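Residues per chain are reported as follows:
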There are 2 protein chains.
Amino acid sequence: MKNKEFILSCPVEIQKYPSVMMAHGGGGKLMHNLIEKMFMPEFSKIDAGKRHDSAVIDISSNKLAFTTDSYVIHPLFFPGGDIGSLAVHGTVNDLAMSGAVPKYISAGFIIEEGLPMETLWRIVNSMKETAKICGVEIITGDTKVVDKGKGDGIFINTSGIGVIEHNLSINPASIKEGDAIIINGDIGRHGIAIMAVREGLEFETVIESDSAPLNSIVNKLINEGIEIHCMRDLTRGGLSSALAEIAEASNFGININEKDIPVREDVRGACEILGLDPLYVANEGRFVLFVPEKDAAKALQLMQLEEPAVSMIGTVNTNNKGMVTMKSVIEASRIIDMLSGEQLPRIC
Amino acid sequence: MKNKEFILSCPVEIQKYPSVMMAHGGGGKLMHNLIEKMFMPEFSKIDAGKRHDSAVIDISSNKLAFTTDSYVIHPLFFPGGDIGSLAVHGTVNDLAMSGAVPKYISAGFIIEEGLPMETLWRIVNSMKETAKICGVEIITGDTKVVDKGKGDGIFINTSGIGVIEHNLSINPASIKEGDAIIINGDIGRHGIAIMAVREGLEFETVIESDSAPLNSIVNKLINEGIEIHCMRDLTRGGLSSALAEIAEASNFGININEKDIPVREDVRGACEILGLDPLYVANEGRFVLFVPEKDAAKALQLMQLEEPAVSMIGTVNTNNKGMVTMKSVIEASRIIDMLSGEQLPRIC
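Residues numbered from 1 in each chain as written. Chains lettered and ligands numbered in written order. Predicted model: local features only at pLDDT ≥ 70, side-chain atom pairs only at ≥ 80, totals over all residues. Heavy atoms only, no water.

**Considering the sheet that holds strand β5 (residues 101-112) of chain B**
In a beta sheet, neighbouring strands are held together by backbone hydrogen bonds and run either parallel or antiparallel to one another. Applicable threshold: Only when DSSP finds a minimum of two bridges between them are two strands counted as paired. To qualify as a helix, a DSSP run of H or I must reach at least 4 residues; to qualify as a strand, a run of E must reach at least 2; elements of each kind are numbered from the N terminus. Orientation is described by axes fitted as lines to C-alpha atoms, over the contacting stretch for helices, and by angles from 0 to 180 degrees between their N-to-C directions. By definition, residues are in contact when any of their heavy atoms lie within 4.5 Å.
Across the sheet, 5 strands lie side by side as β1(A)-β2(B)-β7(B)-β5(B)-β6(B); this open sheet has mixed pairing. Edge positions in the sheet fall to β1 (55-58) of chain A together with β6 (137-146) of chain B, since each has one partner strand and no second. Direction aside, neighbouring strands of the sheet carry axes that sit 20° apart on average. The pairing of strand β2 (residues 63-71) of chain B with strand β7 (residues 154-163) of chain B spans 8 bridges and is antiparallel. Looking at the pairing, Thr67(B) lines up with Gly160(B) of β7(B). On the sheet, helix α5 (residues 117-134) of chain B packs against β5, β6 and β7 of chain B and is oriented at approximately 15° with respect to β7(B).

See the structure below:
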């Protein structure tokens with residue numbers, strides 16, 4: 001969005017203040033204006049006119065998924081997304097990982113005094129667009145403003161409600177020996193995209209974040225009758241930490257093959273420059289799927305329709321219980337553990 | 001909680017780190033430890049062992065309330081509460097204001113690097129205790145850590161789900177001419193308690209915040225058949241801003257009488273010293289109730305069982321539509337508007 005678009009599209013009552021002030025979070029007129037003129041028209045129409053402390057919703061299912069995530073990513077805008085789109089994708093994906101159909105999202109803003117109003121407007125619009133694409137409605141929200149130097153531009157919390165209409169029990173406890181482990185695409189792009197901006201690195205091509213919603217493909221897998229045992233999206237800590245957590249929680253062993261893990265050449269090169277292992281780099285549109293062997297081929301086929309780099313990366317076994325073992329490209333075997341320390345701070 | 005209690009009660013794996021580090025939010029081992037050893041044992045047992053991206057819940061009603069609030073209060077501890085108890089009360093109360101029975105809460109932490117671990121432990125324990133008292137379960141959460149100087153100790157987002165089992169339509173659009181407006185106690189204590197700590201003011205007695213859950217009294221009113229038209233808790237912006245918003249949203253006039261608005265003498269005195277109008281000072285355990293005249297006496301009676309300072313402060317009319325008018329103690333009439341500017345930053 002260019003400055004001209006901001007001037008043309010943003011209500012004058014909002015533009016009057018070039019940056020966010022403490023009073024925009026004070027519960028008075030300015031906050032009221034921000035809600036009425038900026039948030040309400042951009043977000044859902046549910047309960048509009050009622051303007052109440054909580055949104056009231058009719059729900060068709062008696063089984064729900066509920067999740068929350070705060071987003072503190074730095075910088076706020078990056079190739080392939082921004083904090084607003086990320087905040088919607090992240091929460092949609094957490095719901096999808098339970099096999100839920102994401103329905104409703106909340107938006108809680110913690111804004112640092114002095115944030116340019118145009119920045120807020122761009123983020124709010126990005127959230128609106130992303131929610132529309134994901135098929136979710138932003139129905140309730142909150143705005144707080146903290147003094148300059150006590151925040152960092154903007155932090156966003158999104159919580160989400162999804163409905164569960166299947167009878168699968170999708171979680172680490174459902175994993176079985178022999179399960180196939182499938183990944184829905186190449187790894188490491190989100191982390192590298194952020195690091196490249198932060199470190200001012202320039203590659204031949206711009207590496208864009210993989211940030212994307214996963215609810216559509218999950219829905220398809222469920223509707224096609226794939227017997228999903230577990231799913232996990234690969235965010236902070238990357239593929240390794242997700243698998244290590246699942247191995248520990250399920251008390252099964254996990255074997256993966258390095259050669260089957262898709263990593264784009266530019267991402268691999270950037271990882272080498274930055275001294276990072278792509279297995280630990282954050283993603284925002286990637287997940288691992290655990291399904292019985294019988295369903296693996298069909299799942300791969302369905303997932304390939306969305307993304308060609310889908311790959312079966314390993315299997316579940318009863319050796320080395322609670323641990324992840326990887327066969328490297330040179331056929332050596334090594335234990336894959338959770339991330340130690342901090343690799344990429346504020347990646348989401 | 002004293003330091004000794006922290007040493008005795010907090011798991012050693014957590015105590016090993018005297019303060020929160022960036023890696024505690026990195027998605028790796030330290031974050032895993034924090035979740036497993038600090039949050040999971042203190043919060044709900046639902047989905048324990050499943051440890052998944054979202055919590056799965058069975059819901060008995062098809063009508064839900066959903067709300068979110070971030071808490072950025074400064075200081076973190078104050079007479080009558082702390083950011084943890086406030087974060088639970090606030091969201092429980094937002095749900096209660098829809099007449100919902102609060103059930104499930106999420107907890108999203110944004111922690112500034114360097115926060116003493118003991119502080120986090122105290123806050124987590126306070127949330128646990130408060131949730132228990134309120135009858136809600138904290139079932140899903142998230143932890144982010146931001147670099148020192150990019151936050152302010154800790155910010156907490158809580159989102160909440162409540163079930164609606166009544167057939168009332170509780171919101172400004174349901175207000176009718178002649179409705180009685182009742183307040184459930186004296187106003188201004190929360191704001192003054194915070195300001196006193198912040199400004200280092202000492203009064204004869206310590207003024208404690210009124211922070212408290214409202215779900216129990218709301219539940220009682222509904223169960224006793226009170227025809228509730230609207231409710232609103234009086235947080236940022238105080239009584240004035242809440243009433244002004246309701247008047248605007250309902251397009252009715254609201255008349256209140258200053259002499260009927262309960263303000264404790266010590267609070268009134270503190271307001272005078274600080275140059276504040278108690279009508280605009282934040283509360284965290286107060287709400288206004290709109291009921292038809294026929295139900296006013298019964299509602300007052302029920303509410304008095306919990307708090308003696310309950311008072312009927314005014315009525316709804318069709319004069320001065322969309323506005324709040326107050327008759328002062330000297331019988332002068334004045335318009336009550338929403339808070340302009342910022343009175344008490346970071347009060348919740």
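**Some thoughts on the interface of chain B and chain A**
Rule in force here: Think of a salt bridge as a Lys or Arg side-chain nitrogen and an Asp or Glu carboxyl oxygen that are within 4 Å of each other. We call two N or O atoms a polar contact when they sit within 3.5 Å, provided that within protein one can donate a hydrogen and the other can accept it, with sequence-adjacent residues counted only if both atoms are side-chain atoms. When residues are sorted by character, Ala, Val, Leu, Ile, Met, Phe, Trp, Tyr, Cys and Pro go into the nonpolar class, Asp, Glu, Lys and Arg into the charged class, and all the rest, Gly among them, into the polar class.
Facing the 81 residues of chain B at the interface are 81 residues of chain A. Taken together, chain B and chain A are joined by 10 salt bridges. For Arg346(A), the salt bridge goes to Asp147(B), with nearest N and O atoms at 3.0 Å. Inspection of the region where chain B meets chain A yields 31 residue pairs in polar contact (both at pLDDT 80 or more). Partitioned by chemical class, the residues of the side of chain B that touches chain A number 32 nonpolar, 28 polar and 21 charged. Pairing of β1(A) with β2(B) involves 4 bridges; the strand directions are antiparallel.

**Comments concerning helix α6 (residues 189-199) of chain A**
Residue and element names in this part refer to chain A. Filter applied, for reference: Three exposure classes are used, based on accessible area relative to the maximum for each residue type with a 1.4 Å probe and protein chains only: buried under 20%, partly exposed in between, and exposed over 50%.
In terms of burial, α6 is a largely internal element, 8 of the 11 residues being buried. Every buried residue of α6 is accounted for by Arg-189, His-190, Gly-191, Ile-192, Ala-193, Ile-194, Met-195 and Ala-196. Packing partners of the buried residues in α6 comprise β3 (77-78), α4 (83-96) and α9 (265-274). At the C-terminal side of α6, Gly-200 shows a positive phi close to 65°.

**Focus: the pattern of salt bridges**
Under the criterion given, the structure shown has 42 salt bridges over all chains. Across the salt bridge formed by Lys29(A) and Asp337(B), the nearest N and O atoms sit 2.9 Å from each other. With Lys29(A) in helix α3 (residues 29-42) and Asp337(B) in the segment after β14 (333-336), this residue pair bridges two chains. With relative accessibility at 34%, the residue Lys29(A) sits in the partly exposed group. For Asp337(B), a relative accessible area of 35% puts it in the partly exposed group. Ionic pairing is found between Asp152(A) and Lys150(B), a salt bridge with its closest N-O pair at 4.0 Å. A residue pair is termed interchain when its members come from two chains, as with Asp152(A) in the loop between β6 (137-146) and β7 (154-163) and Lys150(B) in the loop between β6 and β7. Relative accessible area serves as the criterion here: at 16%, Asp152(A) is assigned to the buried category. Residue Lys150(B) is classed as partly exposed on the basis of its relative accessible area of 32%. Through salt bridges with shared partners, a single ionic network connects Asp69(A), Arg236(A), Asp142(B) and Lys144(B).

**Focus on the relation of the copies chain B and chain A**
What counts here: When the copies are superposed, the least-squares fit takes in the C-alpha atoms of residues with a pLDDT of at least 70 in both.
Taken as rigid bodies, chain B and chain A are interconverted by a rotation of 180° and an axial shift of 0.0 Å, the fit giving an RMSD of 0.0 Å. Such values leave the two copies arranged in the relation of a two-fold axis. Among all C-alpha atoms of chain B, that of Gly151(B) lies closest to the rotation axis, at 2.2 Å. The overlap is high: 100% of the interface residues of chain B also sit at the interface in chain A, so the same surface is used on both sides.

**Let's talk about the environment of Pro172(A)**
Residues and elements named next belong to chain A. Along the polypeptide, Pro-172 turns up in the loop between β7 and β8 (180-183). When its relative accessible area of 1% is taken as the criterion, Pro-172 is described as buried. As a C-alpha pair, Pro-172 and Lys-16 span 156 residues in sequence and 52 Å in three-dimensional space.

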